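# Chain and residue survey
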Amino acid sequence: MKFALRSLANSPAFALVSILTVALGIASVTAIYSVANAVIFRPLPFRDEQSLAWIWSTRPDRDRAFFSIPHFLDLKRANTTTADLAAITPQGMSVSGLGEPERVPGWRVSTNLFELLGTQAHLGRMPGASDDLPGAAPVAVLGYSYWQRRLGGEAAIIGRTLTLNGTAHTIVGILPPAFFLPTWETEIVAVQSFETDARREDRGTNFLRAIARLKPGVTVRQAQSEFAALTQTLSQRFPDTDAAITAPRFVPLRSEAAGGYGSSLLLLLGAAGMLLLIMCANLGGVLAARALVRRRDAALCMALGASRARLFRSYLGEGFVIAAIGGVLGIVACALGLPALLALAPADLPRAAFVNIDGTVLLVALGCTMVTGLGVGLTPALRLARTPPQDVLKSSSQAATGRSRARTMLVGTQIALCTVLLIVTGLFVRSLQELLEIQPGFLSRGVLTAQVSLPSTNRGVKEVVGFAEEFARRLREQPGVRSASLTHVLPLSGINTRSEFTRADRPSAKPSETLSAANRFVLEDFFQTMGIPLRSGRDFLPGDNEKGRPVVIIDQALADRFWPGEDPLGKVIRMPDGREKRDLEIIGVVGATKHFSLEEPATPALYLPVRQITPALLSFFVARMIFVARIDGGAPLALREPVRRTLSSIDADAAVSFRSCDEAIAWAKAPRIFNLRLLGFFSAVAVLLAAMGLYAITSQAVTMRTREIGIRMALGADESRITREVLAGGVRVVFAGVATGLACAAALAPLIGNMLYGVRSFDLVTFAVVGALLSAIGVAATWLPARRATRVDPIIALRSE
């Protein structure tokens, strides 16, 4: 270690660049791993999480559907593969009683959820079976972050009362800090009481998700097989409501918790690791070059009695010292840069609050540091330790000439890895270009959305519709507002609300053939406000109310699917309404909009007038009342305070949250942009390192051949021939590395095929552009020292000995 420190102190510029290079590599890997650790690898804070599974109901046209209360209870009673089954429902909650009313995300859960998960309260207690009995006082538990943010961690909050959606709830506990449920934030959790729920007997109202704990020894496949058989039995018993339900889909809870970010984070982690390998190869090549200069010193040491093992250790220590110092700086840089990385991350990144540098992350950083030290120091150490001292001592100082095969292989490896990294980045660039050209089906610029939670869900249809009409009218009167309307589901929200229907002129032969589409309750002017084009027919009018004939507007995707080549205007569809069915006339066709993501096809949707909403559907609408306003110029969010005051003047207890439609578009693109930014950074650094490595190896080859080149030029050698010869050596390394990288990329590219949009994993344009770009950069890096070789003065070269 002393020898290594003295050696580095004698070359401060080399030491600084080497240490900073390692620090950059370690920081990159550590930062990405800290995110992947929180999202993918870190165990969930539940007892025996391997036996926990998230269950989605499914339909023929979608694999993420929900359960009705009767269907869920039937599965829970009849199955033999789960130790317990809990139901959960995400819900936006209007919170009052703790200061200014606000709308927060929360859950309604069955009382057995916390026992199933093995969750203990951080403070107070968790809801129990007695909290679900008829007549029991409603209770709620607060999320740890909400408790800290809204109440400052006040312990005396236990036992106090708050109002959720107009109903008083007693706060009985605080969730532990690490508590987490997939797909939705957890600010407040309240009890879902099946005994008192009006939908208890309604098999056609589906809104529950499910979490199961499998019995010991039972696999996910076995449980899924049993639930499929039970679902088939229920579809035969209840053909009118359950015939279109297919086998439930079991997903390990940790996989569901990672959402769609598992594969992208693994890709980024692989890219960061590849960058670290490129850095190791670069430094290994530089140290190998230093080893050639120090061969005579090593030979003298061995001639004076130093053992090869001692010599090996002394030179290997140099690599470990560089790696150790660089590793410490890398961890510090990661800790300082992690907030900036999270600021670039998508807003819906799961468990982002738990991203930190914990013991596991430090162990990974330590492992990377040790591997880096070994990789950087091994090549020069082996080369020096194997040096035959008699050969070196008999030769002149210029005897250690010629091209080093080890260094050439290291540079070729850098170029190959750089090629793979650039191709992956290029594929994502092409994919993002395709994504940016997608039209979402609506005009997002200048649209403000205000999601309102009313303080009570016990209001009647007339009262709710009256509130909606009054607030929309007040919005239209705001300065700068061109138009305003209302819906309960926005485009690109990903909220899965659907209605089943049949064509009145062509009834389904079997209940399982019932059609379905996403449903949207809207006021008039919604399509104008959102910039959704009206293809044919008319918009809703104030006269489309409870006294008028039931009407519906469908989108182009629904028209193309169920009325191909026909004019759907005037056609009638039949939809369930509680236990009854009603006929609705199609009065218009509007443009299709993207719903779940920009990449997926437009979701067929039907639009229903708010004024014709029925009591059976009112609860779904009241839970998600979203007012939209199109602003003339300026930033939509600047209208927040006037809108908040307007809402307070109508209902002082109503809560509201704001968002612009541009944010919805940005959120839809955020995961790909995040991936592309990091891949672009890694690729740029990799190209720089590869070019530097190639330049260094060619420059050293020229330096070590100075005497040879001087003699040849003194004998009349042509400058262009010298240039071509030097250039040819570097170009061979470049082409070999690029060819190897292209072959590796072609083999690995299919692994990211499902992460691309509109681009094949083997995209010839990307492969050709990357190959040409790296070849040009490699030739340029080689040409500069090749050009310098022709400027060698023969007299100086011959005098150097």
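Residues numbered from 1 in each chain as written. Predicted model: local features only at pLDDT ≥ 70, side-chain atom pairs only at ≥ 80, totals over all residues. Heavy atoms only, no water.

### Details of the overall build of the chain
Regarding its fold elements, the chain presents 24 helices and 22 strands. Its C-alpha atoms give the chain principal-axis dimensions of about 105 × 60 × 55 Å. Per-residue burial for the chain yields a buried fraction of 53% across its 801 residues. Long-range contacts, defined as pairs at least 24 residues apart, comprise 82% of the intrachain contacts of the chain with a sequence gap of at least 6. Counting only carbon and sulfur atoms, one obtains 58% of the accessible surface of the chain, whose full area is about 34200 Å². Computing the positive centroid from 84 side-chain charges and the negative centroid from 64, the chain places the two 12 Å apart. (Helix = DSSP H or I, 4+ residues; strand = E, 2+ residues; numbered from the N terminus. Buried < 20%, exposed > 50% of the residue type's maximum accessible area, 1.4 Å probe, protein only. Contact = heavy atoms within 4.5 Å. Areas by Shrake-Rupley, 256 points an atom, 1.4 Å probe, with all protein chains shown as cover. Lys, Arg positive; Asp, Glu negative; His and termini not counted. Charge placed at Lys NZ, Arg CZ, Asp CG, Glu CD.)

### Things to note about the nonpolar core
Counting 105 residues, the largest nonpolar core has Phe428, Met530 and Tyr607 as its most contacted members. Sorting elements by how many residues they give to this core places helix α20 (residues 661-704) first, with 15 residues. The residues contacting tyrosine 607, other than those within four sequence positions of it, are Arg520, Val522, Phe526, Phe527, Ile532, Phe540, Val552, Ile553, Asp555, Val590 and Thr593. The next biggest cluster of nonpolar side chains, apart from the first, holds 47 residues, and it includes Ala484, Leu515, Phe621 and Val643. (Core = buried A, V, L, I, M, F, W, Y, C linked by side-chain atoms within 4.5 Å.)

### Let's talk about the sheet that holds strand β13 (residues 481-487)
Strand order in the open sheet made by the 4 strands is β13-β21-β12-β22, with antiparallel pairing throughout. Looking at strand neighbours, the two that pair on one side only are β13 and β22 (655-660), the edges of this open sheet. Adjacent strand axes in the sheet meet at a mean angle of 20° when their direction is disregarded. With 6 bridges connecting them, strand β12 (residues 447-453) and β22 associate as antiparallel partners. (Pairing = 2+ DSSP bridges. Axes fitted to C-alpha atoms, helices over the stretch in contact; angles between N-to-C directions.)

### Some points on the environment of glycine 260
On the secondary structure map, glycine 260 appears in the loop between α8 (253-258) and α9 (262-293). On a C-alpha basis, the gap between glycine 260 and proline 671 in space is 9.4 Å, while along the polypeptide they are 411 residues apart.

### As for the pairing of strand β9 (residues 188-191)
Burial of β9 is two-sided: the residues Ile188 and Ala190 facing one way and the residues Val189 and Val191 facing the other way are all buried. Sheet analysis places strand β4 (residues 102-109) next to β9, joined by 4 bridges and oriented parallel. In the sheet register, tryptophan 107 faces β9, and the bridge partner there is valine 189. Pairing geometry for strand β6 (residues 139-142) and β9, over 3 bridges, is antiparallel. Its bridge partner being in β9, leucine 142 is matched across the sheet by isoleucine 188.

### A few points about the side chain of glutamate 102
By the secondary structure assignment, glutamate 102 is in strand β4. At 2.3 Å, the side chain of glutamate 102 forms a polar contact with the side chain of arginine 150. Ignoring anything within four residues of it in the chain, the contact list for glutamate 102 reads Met93, Ser94, Val95, Tyr146, Arg149, Arg150 and Ala655. (Polar contact = N/O pair within 3.5 Å; in protein donor to acceptor, adjacent residues only side chain to side chain.)

### Topic: the side chain of aspartate 539
Following the sequence through the fold, aspartate 539 ends up in the loop between β16 (534-537) and β17 (551-555). From its side chain, aspartate 539 meets the backbone nitrogen of aspartate 525 in a polar contact 3.2 Å long. Excluding anything up to four places from it in sequence, aspartate 539 contacts Glu524, Asp525, Phe527, Leu534, Asp544, Ile553 and Ile587.

### Brief notes about the packing of helix α15 (residues 461-476) against helix α19 (residues 640-650)
α19 packs onto α15 with a crossing angle of 145° between their chain directions and a minimal axis gap of 10 Å. For the crossing formed where α15 meets α19, the hand is right-handed. Here α15 contributes Phe467, Glu470, Phe471, Arg474 and Leu475 to the contact with α19, which in turn contributes Val643, Thr646, Leu647, Ser649 and Ile650. Its residues assigned to classes, the contact of α15 with α19 comprises 6 nonpolar, 2 polar and 2 charged. (Left-handed = near helix turned anticlockwise from the far one by under 90°. Nonpolar A, V, L, I, M, F, W, Y, C, P; charged D, E, K, R; others polar.)

### Quick look at the confidence of the model for the chain
Of the residues in the chain, 91% reach a pLDDT of 70 or more, and the chain-wide mean stands at 84. When the elements of the chain are averaged for pLDDT, helix α13 (residues 389-394) gives the smallest value, 58, and strand β10 (residues 209-214) the largest, 95. Confidence drops under pLDDT 50 across residues 396-403; counting only partners more than four residues distant or on other chains, this segment forms 16 contacts. (pLDDT = per-residue confidence, 0-100.)

### Things to note about the packing of helix α1 (residues 2-9) against helix α11 (residues 308-344)
Packing of α1 against α11 leaves a shortest axis separation of 8 Å and a crossing angle of 65°. Taken together, α1 and α11 sit at an angle that is classed as roughly perpendicular. Of the two possible hands of crossing, α1 and α11 adopt the one that is right-handed. Here Phe3, Ala4, Leu5, Ser7 and Leu8 of α1 come into contact with α11, specifically with Ser314, Tyr315, Gly317, Glu318, Val321 and Ile322. The class makeup of the residues in the contact of α1 with α11 is 7 nonpolar, 3 polar and 1 charged. (Parallel < 35°, antiparallel > 145°, perpendicular 65-115°, else oblique.)

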